[in-house]
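A look at the structure
Chain by chain, the residues:
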Amino acid sequence: MKHYESSLRTNSTVDQAQDAVTTLHNSISQALSHPNDQMLMQAENSLTHAEEAVSHAPEGSIGGHGVDLTEERLADEKKRLALAEAANRGTKQ
């Protein structure tokens, strides 16, 4: 799959944070589809990485551009991870 928007990216800290949140989204999607301890551990590791990346996003932004959206996406993904954790608990009962 080609990513035409890649020419617009600067590989800034905001871009890196957005990529980390996208990876987190994919990891949580897998954990929701296959709720088990291994998938949840991967999602939690991805969350740690995304939180770190988002914390550094303002350093490379111009006027905070993109930081708020990335922080909102991270907050949404944390909610999804809570759902995955609940689903995993439900499969153990």
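In what follows, the structure referred to is the one given above.
Some points on the overall build of the protein
If you tally the helices and strands in the protein, you get three helices and zero strands. Counting from the amino terminus, the protein carries its helices and strands in the arrangement α-α-α. Buried positions account for 31% of the 93 residues belonging to the protein. The long-range fraction of contacts in the protein, counting pairs at least 24 apart against all pairs at least 6 apart in sequence, stands at 73%.

Describing the environment of S61
Note on placement: S61 falls in the loop between α2 (37-56) and α3 (67-92). Look at S61 and you get buried, because its relative accessible area is 18%. When the C-alpha positions of S61 and V14 are compared, they lie 6.2 Å apart, and in sequence the two are 47 residues distant. Beyond its immediate chain neighbours, meaning those up to four positions away, S61 contacts T13, V14 and V67. Of the polar contacts made by the side chain of S61, one reaches the backbone oxygen of P58; its length is 3.2 Å.

Describing the nonpolar core
By size, the foremost hydrophobic cluster in this structure holds 19 residues, and its most contacted members are L24, A31, A50, L74 and L81. Listed by contribution, the elements that provide at least two residues to this core are α1 (13-33), α2 and α3. Excluding residues within four positions of it along the chain, A50 makes contact with A20, V21, L24 and L74.

Things to note about α1
When the terminal C-alpha atoms of α1 are compared, their 30 Å separation across 21 residues agrees well with the 30 Å that a helix rising 1.5 Å per residue should span. Along α1, the residues classified as buried are V14, D15, A17, Q18, A20, V21, L24, S27, I28 and A31.

Focus: the side chain of R80
Its place among the elements puts R80 in helix α3. One polar contact links R80 to H25, side chain to side chain, over a distance of 2.8 Å. Non-local contacts of R80, meaning those with residues more than four positions away in its chain, are made with H25, I28, S29 and L32.

Cut-off values and rules
Residues numbered from 1 in each chain as written. Predicted model: local features only at pLDDT ≥ 70, side-chain atom pairs only at ≥ 80, totals over all residues. Heavy atoms only, no water. Helix = DSSP H or I, 4+ residues; strand = E, 2+ residues; numbered from the N terminus. Buried < 20%, exposed > 50% of the residue type's maximum accessible area, 1.4 Å probe, protein only. Contact = heavy atoms within 4.5 Å. Polar contact = N/O pair within 3.5 Å; in protein donor to acceptor, adjacent residues only side chain to side chain. Core = buried A, V, L, I, M, F, W, Y, C linked by side-chain atoms within 4.5 Å. Expected span 1.5 Å × (residues − 1).

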